[in-house]
Amino acid sequence: MTAALSTRALVAGYERDLPIVRGVDLDVKQGELVVVLGPNGAGKSTFVKAIAGLVPIHSGATALGSLDITAVPAHQKIRHGLAFVPQTENIFGTMSINDNLLLAANILPREKRARRIAELYAMFPDLAARPSLRAGQLSGGQRQMLAVARALIVEPSVLILDEPSAGLSPKIVADVFARLKEINANGVTIVLVEQNVKAALAIADRAVILVEGRLRHEGPAATLADDPIVAELYLGARREPKTVTP
Amino acid sequence: MNPQALMDGLITGSMIGLGAIGVTLTYSILRFANFAHGEFIAWGAYIALAVSSALGYLSGGLLAPIGPFSFGWSLPIAAVVAVALTGGLALLVDALLFGRLRAQRSTVIIMVMASFGAALTLRSLLEFIFTSKPAYYTKALQIALPLGGGLRATPDQMLSLGVAAVLVVAVHLLLTRTAIGRSMRAVSENQQLSGVVGIDVRKVVRIVWLLGAGLACMAGIMAGLLVQIRPHMGLDLLLPLFAAAILGGIGSVPGAMLAGLIVGLAEAFAVQIVGAEWRAAIAFVILVLVLLVRPQGLFGRPE
Amino acid sequence: MSVELIGYGCFFLTMALTYAIMCLGLNVQWGQTGLFNVGIAGFVAIGAYVSALLTTPDTANRFGGFDMPILVGWLGGAVAAALIAFLIGALTIRLRADYLAIATFGVAVAVQLSALNLERITGGPFGIGFIPRPFGGYAGDPLLFSLFNLGVLIVVVVLLYLALERLVRSPWGRVLRAIREDETAALALGKSAVKFRLQAFAIGGGIMGLAGAVQAHFIGFIAPENYLPMLTFQVWAMLIVGGSGNNRGAILGAVLVWGLWAASASVIASLFPPGQQARAAALQIVMIGVGLCAILLLRPRGILGEEKVVSRHLGKLPRALRPGTKPETPKQ
């Protein structure tokens, strides 16, 4: 069964001679909700940005299903069904909520656009309340919702989010994560980069831990929360790098 | 106070406004002040001149003035061709110079410096081809008709104002109501996010160049029709263009047009007081005032 | 024959060195501080006119003519230009980089226009003549005169070069460099970036004013048409070709580009019939414009490239701390 999203020996970084992601293999099964954890500077953000096409890939490959998308330009990836929600600046603050959604809907065939936007307004009634409001005036949680809504318009097969809980209060985080769980239940494969380990593990199926650009551990989310290895990797205790058994 | 200054101000202002719209669009989407924008104005005027003359040579009838205007059909036809060719020129300069510098991730300053060099090259090329002797689309003189209130305007002037108004409305509608306009606004706000949501930024860049150069071409034809055509006509408008773009707020099309009118009117009224030889300094004064009082301009966002 | 050649050589080199002074001033603004001045011609003009007004004898229908010594004129020109640079800098320094560019462009336009229109002060389109030349007493012996003038210029350039090199390596210069390379770190140390940048901009402007003054006294007369955007463009071309960020590059670039300019002018002029000389001049500018764009594309560092002064003076850093080395990774 082909993975919904996979990477092979991915090496990536902003500068050619300074790779931040140093050879990561990842397979995300269809319908999974995988969370990418790791200490600060581990390269989690860079990893998903490389998959999304925002950070140059030096070597290795990424694939969406059976399609190799390593060389596909960033703006084309979404057409293949890979949607990305960046951590900061993930909506167009100077444009209205409706314009934000119209923008995203533009790659859909004309007949589907209006219907899809209506469906998303139904899913996110907060946004439907004032569609002509400038997106920059939304609260942090609402912005996150808009960013997710925007990503969902194209009915992606894989949704990647970079630290969606950043800057949000615990209650809002719970709301956002509950939504993500819902979306995942509807069949969208989700990859989540997160610093908020507890909240993330609560909704994830599986977690992988990135340290210094390498994948150092992975396991089912349920058991990982209590695994001492998590603390060790986060606190950077010196130990032999563990080989990852597939 | 001579009411004719009002008409002069509106005319100059609308030309400055059309040019400023192009400047503000390229500035907000390509992120640098393009010192070569004035040359699109000049090249637009000259290309139209060349095409119009060629058409007139092929068929003398095309030179016969249409109705109350001073020009024949050769000019509108030439204008359409010129807009396309000037757009092509902008794409060429981008492909050869700016695009390559962007690919090298050059800083803003290198881009501006390059635009300065490109401006000089383009201007001197015009001088080389056409010499600095002033040229005209038509030798027909026009009588200014009274409009009431002491104002007089020639039919050419009225047409120019009308065309400018239509263009501004069209551009505004393009930006606010169409998909491509939304894409342009998105790229202007956040280029990276635009790629993420599926916008082909390179395509948007090409369209911005075409649009900006096309507007500049129209401004140049207007200036050439109402005043004269000279290789330095773009350079002379450059400071007012920038002043208007900054006064209007970078990225705002209505702002650019409004500011263009303000600059034009300010020039027209100020020269009544200090004399025509100081015309070029008015834009500078406006620029300094804007930077002192409200650097983000009328409709711009504070940085 | 050889006397003429030496005479021409002196003239050529002297002019080139006046441009070198402008380049050195631009290097302080751009190479060291990263500020983009598109109005060099304006600052040069200010220096030239102020110096001329201070040192020429009194004339009936013109303000000025204080008949002061040449050095006073030069100093006055430099200070005036520095002042205007400071004001314009203060206006735009907190804004985007290209706002400064546009503002300085405006200054050049305004200065040139003022020079043209304020006839009572600047002599209008006719400019100011009879500007006292250094070693004016030797005017009768052209060769000696040219040599003396060249000597003066060499002294000025060398002194300026030494002073600027000192400045770059001084604590002030190091702060400037730090601000340019990592502003956040510099700010954390409590250094006001704006203050330093403003000082650098003013100093650069003052040097450009000095260049204008020196040039004015060398040629003997000035007019508004000497200070067009072309001048700004020439100086930029010189600095970029020679190597921005580098004082030696500034001087080299000035001499080189001045030489290329003069050479290409005469070559092109010879290819065109007398009636088409204006066209020839235009073509020359086209070529230089293309050349500058080519350099920006292919080797924006210029010939001598950017000088990493600070790193050179920190001595040998431990291997791990040297910029550009990859962090060591444990062998897998």
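The shown structure was predicted, so the numbers you read here are calculated from the model rather than taken from an experiment. (Residues numbered from 1 in each chain as written. Chains lettered and ligands numbered in written order. Predicted model: local features only at pLDDT ≥ 70, side-chain atom pairs only at ≥ 80, totals over all residues.)

Engineer: Could you clarify how one ought to interpret the packing of helix 5 (residues 155–177) of chain B against helix 10 (residues 253–274) of chain B in this entry?
Structural biologist: The packing of two helices is summarised by the inter-axis angle and the distance between the axes. Residues and elements named next belong to chain B. Interhelical geometry of helix 5 versus helix 10 gives an angle of 160° and a closest axis separation of 9 Å. With respect to helix 10, the axis of helix 5 lies roughly antiparallel. Two secondary-structure elements touch here, helix 5 through Val-168, Val-171, His-172 and Leu-175 and helix 10 through Val-253, Pro-254 and Met-257. When grouped by side-chain class, the residues that make up the contact of helix 5 with helix 10 number six nonpolar, one polar and no charged. (Axes fitted to C-alpha atoms, helices over the stretch in contact; angles between N-to-C directions. Helix = DSSP H or I, 4+ residues; strand = E, 2+ residues; numbered from the N terminus. Parallel < 35°, antiparallel > 145°, perpendicular 65-115°, else oblique. Contact = placed C-beta atoms within 7 Å. Nonpolar A, V, L, I, M, F, W, Y, C, P; charged D, E, K, R; others polar.)

Engineer: It is not clear to me how the pairing of strand 1 (residues 145–148) of chain B should be interpreted in this structure. Could you clarify?
Structural biologist: Along any regular strand, the residues point their side chains to alternate faces of the sheet. All names here are of chain B. The pairing of strand 1 with strand 2 (residues 151–153) spans three bridges and is classified as antiparallel. From the neighbouring strand, Gly-148 faces strand 2, where its bridge partner is Leu-151. In this structure, the hairpin formed by strand 1 and strand 2 is closed by a connection of two residues, where Gly-149 is found at a positive phi of approximately 70°. (Pairing = 2+ DSSP bridges.)

Engineer: Looking at this structure, how should I read the packing of helix 1 (residues 4–30) of chain B against helix 9 (residues 233–248) of chain B?
Structural biologist: Residue and element names in this part refer to chain B. The contact between helix 1 and helix 9 brings their axes to 8 Å, and the two run at 65°. Regarding helix 1 and helix 9, the two cross each other, and that crossing is right-handed. Here helix 1 contributes Ile-16, Gly-17, Gly-19, Ala-20, Val-23, Thr-24 and Tyr-27 to the contact with helix 9, which in turn contributes Leu-237, Pro-240, Leu-241, Phe-242, Ala-244, Ala-245 and Gly-248. (Left-handed = near helix turned anticlockwise from the far one by under 90°.)

Engineer: Before we go on, may I ask you to explain the pairing of strand 1 (residues 5–12) of chain A in this structure?
Structural biologist: All names here are of chain A. As defined by bridge partners, strand 1 adjoins strand 2 (residues 21–28) across six bridges and the pair is classed as antiparallel. By the bridge assignment for strand 2, Ser-6 is matched with Asp-27. Inspection of the sheet shows strand 1 paired to strand 4 (residues 57–64) by six bridges, in the antiparallel sense. Each residue of the ladder has a partner; that of Arg-8, found in strand 4, is Ala-61.

Engineer: Quick question: what am I supposed to make of the nonpolar core here?
Structural biologist: General note: in soluble globular proteins, nonpolar side chains tend to be found buried as a group. Counting residues in hydrophobic clusters, the biggest one holds 288 residues, and the most contacted among them are Val-36 of chain A, Phe-242 and Leu-287 of chain B together with Ala-20, Cys-23 and Val-44 of chain C. The leading source of residues in this core is helix 8 (residues 201–226) of chain B, at 15 residues. Each residue touching Ala-20 of chain C, except ones within four places of it in the same chain, is listed here: Val-157, Ala-250, Ile-251, Ala-254 and Val-255 of chain C. (Core = buried A, V, L, I, M, F, W, Y, C linked by C-beta atoms within 7 Å. Buried ≥ 20, exposed ≤ 12 C-beta atoms within 10 Å, placed from the backbone.)

Engineer: Would you mind going over the interface of chain B and chain C with me for this structure?
Structural biologist: Interfaces are often sized by the amount of accessible area the parts lose when they come together. Counting residues at the interface gives 34 residues for chain B, matched by 32 residues for chain C. Mapped onto the side of chain B that touches chain C, the elements with two or more residues apiece are helix 3 (74–103), helix 4 (108–130), helix 9 and helix 11 (279–293) of chain B. For the side of chain B that touches chain C, the element with the highest residue contribution is helix 4 of chain B, accounting for 15 residues. Looking at the side of chain B that touches chain C, its residues break down into 26 nonpolar, five polar and three charged.

Engineer: Just checking my understanding: could you explain helix 2 (residues 40–55) of chain C for this structure?
Structural biologist: Think of an α-helix as 3.6 residues a turn; residues three or four steps apart then line up on the same face. Over its 16 residues, helix 2 of chain C runs 23 Å from end to end, which matches the ideal 22 Å to within 8%, given 1.5 Å per residue. Most of helix 2 of chain C is tucked away: 16 of the 16 residues are buried. (Expected span 1.5 Å × (residues − 1).)

Engineer: Can you help me understand the UniProt feature "transmembrane region" (unreviewed entry) in chain B in this one?
Structural biologist: All names here are of chain B. As annotated in UniProt, the feature "transmembrane region" (unreviewed entry) corresponds to residues 6–28, 40–59, 71–96, 108–126, 158–175, 207–229, 241–266 and 278–297 in the numbering used here. Along residues 207–229 one finds 87% helix and 0% strand; the C-alpha atoms at either end are 27 Å apart. Helix makes up 75% of residues 278–297 and strand 0%, and the two end C-alpha atoms of the span are 24 Å apart. (UniProt positions renumbered as here; feature names shortened; annotations may be inferred.)

Engineer: Looking at this model, I keep getting lost on the environment of Arg-31 of chain B. Mind explaining?
Structural biologist: Relative to the helices and strands, Arg-31 of chain B resides in the loop between helix 1 and helix 2 (37–58). Sequence spacing of Arg-31 of chain B and Ile-250 of chain B is 219 residues, and the spatial spacing of their C-alpha atoms is 9.9 Å.

Engineer: Looking at this structure, I do not really get helix 6 (residues 142–169) of chain C. What am I missing?
Structural biologist: For helix 6 of chain C, built from 28 residues, the straight-helix expectation of 40 Å at 1.5 Å per residue is met to within 8% by its first-to-last C-alpha distance of 40 Å. Here helix 6 of chain C has its buried residues at Ser-146, Asn-149, Leu-150, Leu-153, Val-157, Leu-164 and Val-168 of chain C.

Engineer: Got a minute to help me understand unusual backbone geometry in this structure?
Structural biologist: A negative phi angle is the norm for most residues apart from glycine, just as the trans form is the norm for most peptide bonds. Located in the positive-phi region is Glu-163 of chain A, a residue other than glycine, with phi close to 45°. Note on placement: Glu-163 of chain A falls in the loop between strand 7 (158–162) and helix 7 (170–185). Positioned with a positive phi, Thr-131 of chain B is a non-glycine residue whose angle comes to about 60°. Considering the arrangement of structural elements, one finds Thr-131 of chain B in the loop between helix 4 and strand 1. Residue class for Thr-131 of chain B comes out partly exposed when judged on the 15 C-beta atoms lying within 10 Å of it.

Engineer: Sorry if this is basic, but what is going on with the sheet that holds strand 5 (residues 67–68) of chain A here?
Structural biologist: Pairing between the strands of a sheet comes from backbone hydrogen bonds, and it takes one of two forms, parallel or antiparallel. The antiparallel open sheet is built from four strands, whose spatial order is 2-1-4-5 (chain A). At either margin of the open sheet sits one strand with a lone partner, and together these are strand 2 and strand 5 of chain A.

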